[in-house]
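# Results of the structural survey
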Amino acid sequence: MLRRFTRLCVRLVERYLPDPFLFAVLLTFIVFIMGLVWTPSGPLEMIRHWGDGFWGLLEFTMQMVLILVLGHALARAPLVERGLRRVAGMARDPGKALMLTTFVATVASWISWGFGLVVGALFAREVAKRVPDVDYRVLVAGAYSGFLVWHGGLSGSVPLKLATDDQFGVMVPTSETLFAAFNLVPVIVLAVTLPFLIRWMQPTRPERVTVRPEWLQDDASAASLANDSVETPAERLETSAAISLVTAAMGLIFILWFFIEKGFQLDLNIINFIFLMAGIALHRTPRRYVAAISEAVRKTGGIVLQFPFYAGIMGMMASSGLGEKISELFVSISNETTFPLFTFLSAGLVNLFVPSGGGQWAVQGPIMLAAGEALGVDPAKTAMAVAWGDAWTNMIQPFWALPLLAIARLKARDIMGYCLVVLLYSGLVIGLSFLLL
C-alpha cells in the first residue's frame, strides 16, 4: 500500500512540479493575487511591496550562502571524505544503503543544515558506487529528508536568533528551545524512523531507477584543483601548511573565548566561523582551501538567483498584511492546548512562500509570540513551532534541495514525490509532539 501511494505521489510530482526558479515566480504571482483579494492593497501597492522587499534579505542571504559554502568546503576536506567513504562501506544491500544514507544525513543536518545537505549528497553518491542496484532517486530523497530536522538542530536560525537577540521583546536561551523535550522528541523519533520509511518506499527491482555513470562523475578534489606546484616565494606561501595552522589556531582561541564569555549560545555567525576555521585546518594549505571554496560557490547559483524573489514575496506578505492575516486565521481557531499545533501548521504554509527561517520569523514571530503570550503558551514552544513548520514543508519546497541536487546531478521532480510522503509522515510526528508535550 505504501509503495502504491508513493508511486502515485511520484507521478503527480513528475508531471506537475515546475523548475524551482519557475516555482518561485509562480508563487510570486499567487501571493500577488492573494494580496489583492485579502488585503486593502491595490496592484501598484503590491508591486511596490514586492520591489521594496526584493533586497531585504541580503545580509541573511549572505549568511545562508556562507553556511552552505563553508559546509561544502568542510565536507570536501580529505579527512571528512575518507570518513564518509569508510562509513559508506557499511552499506551492503539496497535496504541498508537507504537507511544508512538517511540516518547520516539526518545527524549531519542536525549539526548544521549546510553541512547536512552537502554530506547527504556526497554520502549518497559514495553509497551508490558501492550498491549500484539501489534506486538512486529514493537514495537522494533520503539524503534530503534528513534536512527535515535542521531547524531543531544546532544551526536553527529561529532558536539561535532568539538566544542572541532581543527578538520582539523576548530572549530565550537554547536550553529552553533546542534542548527542550518538545524539540528533542521529534528529532529523535524522526532520526530513528525516517530510515525505515525511506527503505519501505523503494520500488520493486524492475521499477528501480539505478544510478547512471554520469551521475557519479567525481568533482576534482581540492588538492588537484589547487595544483600544489611551487616555483615562486608567493606560491610557497600559498602552499604553506603553517599559515593555515596559525590561522586556525587564532580562530580556535576566539571560539574558546566566545563560549567562555557567552556560554554555549550558538548563532549563525559563530557556526560559520567554526566551519571556516575547521575547513582551513583540514585542507592544510590556503591554496587547497581556496580551491574547495571555489568549487562550493558553483553550487549556490540557484540560491543566489531565487532568494531575492522569495524576499520579494516576503515583502508582499509583510507589508500588505497578508502574512498577518494567515497567522491570525490559525490563531483564531486555537486555544492554549492547540496553539502550538496550529502555529506549526501555519508556519508550514507560510514557508512555502518564504523559505527562510529568519525571514519567516520576521513575518510570523511578533504575531505568534503575542498570541501565545495571551493564551499562556511558553514563548520557547511558540518559537520552535514556527521553526519546525519552516523545516517541515521544505520537503515539498524545492528551493533548499538545489545544492544537494547539483551534487547528485538530479532534478527536483526526481525526488519530490518521495519527499511528499515524508512530509505527510513527519507532519504527524511533529504535530503530535507539539500537541502532547
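Residues numbered from 1 in each chain as written. Predicted model: local features only at pLDDT ≥ 70, side-chain atom pairs only at ≥ 80, totals over all residues. Heavy atoms only, no water.

### Section: the overall build of the chain
- A tally of regular secondary structure across the chain gives 22 helices and zero strands.
- With the C-alpha coordinates of the chain rotated into their principal frame, the extents come out at 65 × 55 × 45 Å.
- Per-residue burial for the chain yields a buried fraction of 58% across its 437 residues.
- Within the chain, residue pairs in contact and separated by at least 24 positions form 82% of the contacts whose partners lie at least 6 positions apart.
- In the structure as shown, the chain presents an accessible area of about 18000 Å², 66% of it carried by carbon and sulfur atoms.
- The centroid of the 33 positive side-chain charges in the chain is displaced by 12 Å from the centroid of its 31 negative side-chain charges. (Helix = DSSP H or I, 4+ residues; strand = E, 2+ residues; numbered from the N terminus. Buried < 20%, exposed > 50% of the residue type's maximum accessible area, 1.4 Å probe, protein only. Contact = heavy atoms within 4.5 Å. Areas by Shrake-Rupley, 256 points an atom, 1.4 Å probe, with all protein chains shown as cover. Lys, Arg positive; Asp, Glu negative; His and termini not counted. Charge placed at Lys NZ, Arg CZ, Asp CG, Glu CD.)

### Remarks on the packing of helix α4 (residues 58–75) against helix α7 (residues 113–130)
- Running from N to C, α4 and α7 point in directions that differ by 45°, and their axes come no closer than 7 Å. With respect to each other, α4 and α7 are oriented oblique. Note on packing geometry: the crossing formed by α4 with α7 is right-handed. Across from Met64, Ile67, Leu68, Gly71, His72, Leu74 and Ala75 in α4, the residues of α7 making contact are Trp113, Gly114, Phe115, Val118, Val119 and Leu122. (Axes fitted to C-alpha atoms, helices over the stretch in contact; angles between N-to-C directions. Parallel < 35°, antiparallel > 145°, perpendicular 65-115°, else oblique. Left-handed = near helix turned anticlockwise from the far one by under 90°.)

### Observations concerning the packing of aromatic side chains
- Scanning the entire structure with this criterion turns up 21 aromatic pairs.
- Ring centres of Trp113 and Trp150 lie 6.3 Å apart, and the angle between their planes is 65°; this geometry places the pair in the edge-to-face category. Linking Trp113 in helix α7 with Trp150 in the loop between α8 (136–145) and α9 (157–164), this pair joins segments that are 37 residues apart in sequence. Trp150 shares its class with Trp113; the two are buried.
- Measuring from centroid to centroid gives 6.0 Å for Phe307 and Trp400, while their planes differ by 80°, and the two rings are edge-to-face. Of this pair, Phe307 sits in helix α16 (residues 301–320) while Trp400 sits in the loop between α20 (379–392) and α21 (402–408), and the two are 93 residues apart along the sequence. Each member of the pair, Phe307 as well as Trp400, is classed as buried.
- Grouping aromatic residues by their ring pairs yields a cluster made of Trp113, Tyr144, Phe147, Trp150, Phe307, Tyr310, Phe399 and Trp400. (Phe/Tyr/Trp six-rings, centres within 6.5 Å; stacked < 30°, edge-to-face > 60°.)

### Let's talk about the nonpolar core
- In terms of nonpolar packing, the biggest core is built from 140 residues, with Tyr136 and Tyr144 touching the most fellow members.
- In this structure Tyr144 touches Leu117, Asn394, Met395, Gln397, Trp400, Ala401, Leu404, Ile415, Met416 and Cys419, once residues within four positions along its chain are discounted. (Core = buried A, V, L, I, M, F, W, Y, C linked by side-chain atoms within 4.5 Å.)

### A word on helix α6 (residues 94–111)
- The end-to-end C-alpha distance of α6, which contains 18 residues, comes to 26 Å, matching closely the 26 Å that a straight helix rising 1.5 Å per residue would cover.
- Capping of α6 at its N-terminal end is provided by Asp93; its side-chain oxygen lies 3.1 Å from the backbone amide nitrogen of Gly95. (Expected span 1.5 Å × (residues − 1). Polar contact = N/O pair within 3.5 Å; in protein donor to acceptor, adjacent residues only side chain to side chain.)

### Considerations on helix α18 (residues 339–353)
- Here α18 is 15 residues long and its end C-alpha atoms lie 22 Å apart, about the 21 Å a rise of 1.5 Å per residue gives.
- Counting buried residues along α18, 13 of its 15 residues qualify, which places the element largely inside the surrounding structure.

### A look at the pattern of salt bridges
- As enumerated under the stated definition, the model contains nine salt bridges in all.
- Ionic pairing is found between Arg137 and Asp135, a salt bridge with its closest N-O pair at 2.9 Å. A single burial state applies to Arg137 and to Asp135, both of which are buried.
- Between Arg287 and Glu238 there is a salt bridge, and its shortest N-O distance comes to 2.7 Å. A residue pair is termed long-range when its members are at least 10 positions apart, and Arg287 in helix α15 (residues 286–297) and Glu238 in helix α12 (residues 233–238) qualify at 49 residues. (Salt bridge = Lys/Arg side-chain N within 4 Å of Asp/Glu carboxyl O.)

### Considerations on the side chain of Asn183
- In this structure, Asn183 sits in helix α10 (residues 181–201).
- Classification of Asn183 as buried rests on a relative accessible area of 0%.
- A distance of 3.0 Å separates a polar side-chain atom of Asn183 from the backbone oxygen of Gly152.
- Here Trp388 takes part through its side chain, which lies 2.7 Å from a polar atom of the side chain of Asn183.
- Each residue touching Asn183, except ones within four places of it in the same chain, is listed here: Gly152, Thr177, Leu178, Met384 and Trp388.

### Thoughts on the packing of α7 against α8
- Where α7 meets α8, the axes come as close as 8 Å, and the angle between the chain directions of the two elements is 155°. What the angle tells us is that α7 and α8 run roughly antiparallel. Pair α7 / α8 crosses with right-handed handedness. Residue-level contacts link Leu117, Gly120, Ala121, Ala124, Arg125, Val127 and Ala128 of α7 to Tyr136, Leu139, Val140, Ala143 and Tyr144 of α8.
- Along the lines of polarity and charge, the residues of the contact of α7 with α8 split into ten nonpolar, one polar and one charged. (Nonpolar A, V, L, I, M, F, W, Y, C, P; charged D, E, K, R; others polar.)

### Description of the side chain of Thr300
- In this structure, Thr300 sits in the loop between α15 and α16.
- Residues within four places of Thr300 in sequence aside, it is in contact with Val65, Leu68 and Val69.

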